[in-house]
Amino acid sequence: MTVTNSVFTPRGSHLIDGDWVTSDRTFQAEPTDGDAHTVFVGSSIEVDQAARAAERAFETYGATSREERALFLEAIADAIEARGADLTAMGSRETGLPRARLDGERGRTTGQLRLFATHIRQGDYLDRRHDRALPDRTPLPRPELRLVQRPLGPVAVFGASNFPLAFSTAGGDTASALAAGCPVIVKGHPAHPGTGEIVAEAILAALHVRDLDPGVFALIQGNTNALGTALVTHPTIRAVGFTGSLGGGRALFDLCVSRPEPIPFFGELGSINPMFLLPAALAARGEVIAKGWAGSLTMGAGQFCTNPGVVVALDGPVADRFVAVAKEALAATGTQTTLTTGIGAAYEAGRTRIAAVPGVTVHVLGDAGSRQAAPAFFEVTGETWSAHPSLADEVFGPSGILVRVADVAEMTRLARALRGQLTCTLQMDAEDRSLAATLLPILERKAGRVLANGFPTGVDVADAMVHGGPYPASTNFGATSVGTMAIRRFLRPVCYQNIPEVLLPPDARG
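The sections below set out a description of the structure shown in this document. Residue positions are counted from 1 within each chain, in the order its sequence is given. Under the rules for a predicted model, residues below a pLDDT of 70 receive no local features and side-chain atom pairs below 80 are neither given nor counted, while totals for whole chains, interfaces and linings still include all residues. Processing note: side-chain calculations cover all non-hydrogen atoms of the structure and skip hydrogens and water entirely.

## Concerning the overall build of the chain
Then, number 1: Strands here are runs of E lasting at least two residues and helices are runs of H or I lasting at least four, both read from the DSSP assignment and numbered beginning at the N terminus. A tally of helices and strands in the chain yields 14 helices and 21 strands.
Then, number 2: Throughout, the radius of gyration refers to the C-alpha atoms, and the reference size of a globule is 2.2 Å times the residue count to the power 0.38. Scaling as 2.2 N^0.38, a compact globule of 510 residues should have a C-alpha radius of gyration of about 24 Å, and the chain matches this with 24 Å.
Then, number 3: The principal-axis extents of the C-alpha atoms in the chain amount to approximately 75 × 70 × 45 Å.
Then, number 4: Here the chain holds 510 residues, and the buried ones make up 56% of them.
Then, number 5: Expressed as a percentage of contacts within the chain between residues at least 6 apart in sequence, the contacts between residues at least 24 apart total 77%. Only protein chains enter the accessibility calculation, which uses a 1.4 Å probe; a residue is then buried when its area is under 20% of its type maximum, exposed when over 50%, and partly exposed in between. Every residue pair with non-hydrogen atoms within 4.5 Å of one another is taken to be in contact.

Spelled out as structure tokens, the structure:
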């Protein structure tokens, strides 16, 4: 692997149809250190240019072979790795994330690109079906029928704040859409425009290496709601991938379904990821679980959509001990830099809101600055939790709530009342299996991923991973934004009836 040691100077420009272009308005990036740089703000003009180029490119890119697309994905991964030093330096400056975290995230990003290359080469995702003609069948003959999955067309992707690499410019949404045969237009996240620009450079280099239409990929920078609106309402956009807040995601979802021709919106909108401490596990290893939970809650300043923000436990002395150990661990955790000033302000507002709810006990509420997050730890009874639904709203940061329930029946009622989640966790030992057997059928209806023991903040990029869940965790409970099944979002089944084989797409033949 070749790594450049040069210092990258951002242009702040958009990448459209193979060219770096500017626009009329600008904003100033807000790095955690170093000088701010100027970034151009895209508008409906740049969206239209990129969308028209993507529609043109789809005519050829949508017809490429699986091998051609696999080689393109691998070329992107190679080009990202060649810019590794610049990506780590720029990403750390813009987001405050540790360099080691960004190095790992870069590996995840290139790994999922190569995983999708392997996945499409295998071809299983095509779900090919062939019903041979039965001309002599009575009372009616059957025609020859062939089914195969085909790409949708140009896809819009919104970069995420908390993963500047793995969920942004060349992240899972982009990788799966390109693997499917769909051109991609990325709305870069304003928290890390320079990082996004470096990745866009890598994708452009891969387009040149593979001699593909430059309209296959575009990056439009900006910090306005109008840009997002223009992108999801453009008539050539056929689907949208989004990772972000419930409010922003729901607004975009409503725009997608209210278009003259509605399109699918695959939004991952966050979660409180409840963790249920079953009695035997809590009694046997409550202190270990408390320390692990504190570490998971504060990892990356709690800026993970799978952050385990709620713990449910039976009242009693073992719960008291859990609280004591968790308090000690959280109080010893220092402040951490948030991704943006806005995220820091929203976190402070969220934990202040919870502390003011009647019946809430405050265990930890550290002081923090404008772009700093300090841990918060609250406790409520099951009755208070049920009486104040706002306690179940996500607070994006290292804030957690313990819900003490009186008995197993109240724990079960709380589980049944949960809204949709990305994850639910059962901390359980062998003696807890009877209760776990009661809770599991409830929780699998609430979440896309159910864990036994462990903590949900690690999301493996794998064939069996589901990162999604019932609303409001995501807008499409049948999809995932992580893992190879993510490609299904950007495909649709087409049935070919009595079409001569020579006219069929290559993947439908044979």
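## Side note on the pairing of strand S8 (residues 184-187)
A regular strand places its side chains so that they alternate between the two faces of the sheet.
Then, number 1: Side chains Val184 and Val186 project from S8 onto one buried face, and the interleaved Ile185 and Lys187 project onto a second face that is buried too.
Then, number 2: Here, any two strands with at least 2 DSSP bridges between them count as paired. Examined bridge by bridge, strand S7 (residues 155-158) and S8 share four bridges and lie parallel to one another. Bridging from a neighbouring strand, Ala156 pairs with Ile185 of S8.
Then, number 3: Handedness is read with the strands pointing away from the viewer; a crossover is right-handed when the path from the first strand over the helix to the second is clockwise. Viewed along the sheet, the connection from S7 through helix H5 (residues 172-180) into S8 turns out right-handed.
Then, number 4: As paired strands, S8 and strand S9 (residues 217-220) are joined by four bridges and run parallel to one another. In the sheet register, Val184 faces S9, and the bridge partner there is Phe217.
Then, number 5: Chirality of the crossover, the property in question, places the unit of S8, helix H6 (residues 193-209) and S9 among those that are right-handed.

## Notes on the nonpolar core
Then, number 1: Put simply, a nonpolar core is a bunch of buried Ala, Val, Leu, Ile, Met, Phe, Trp, Tyr and Cys residues held in one set by side-chain atoms that sit within 4.5 Å of each other. Membership of the largest hydrophobic core comes to 56 residues, with the highest contact counts inside it found for Phe72 and Phe217.
Then, number 2: In this view, Phe217 contacts Leu15, Thr169, Val184, Val186, Ala200, Ile203 and Leu207; residues no more than four positions away in its chain are not counted.
Then, number 3: Core analysis: the next-biggest nonpolar cluster, separate from the first, contains 34 residues, Leu278, Leu391, Val405 and Cys424 among them.

## Quick word on the sheet that holds strand S21 (residues 491-497)
Then, number 1: Strand order in the open sheet formed by three strands is S5-S6-S21, and the pairing between neighbours is antiparallel. One side of each edge strand has no neighbouring strand; the edge strands of this open sheet are strand S5 (129-131) and S21. Averaged over all pairs of adjacent strands, the angle between strand axes in this sheet comes to 25°, irrespective of strand direction.
Then, number 2: As defined by bridge partners, S5 adjoins strand S6 (residues 145-151) across three bridges and the pair is classed as antiparallel. By the bridge assignment, Arg129 is partnered in S6 with Leu147. Here an axis means a line fitted to C-alpha atoms, over the contact stretch when the element is a helix, while the angle between two N-to-C directions is reported on a 0 to 180 degree scale.

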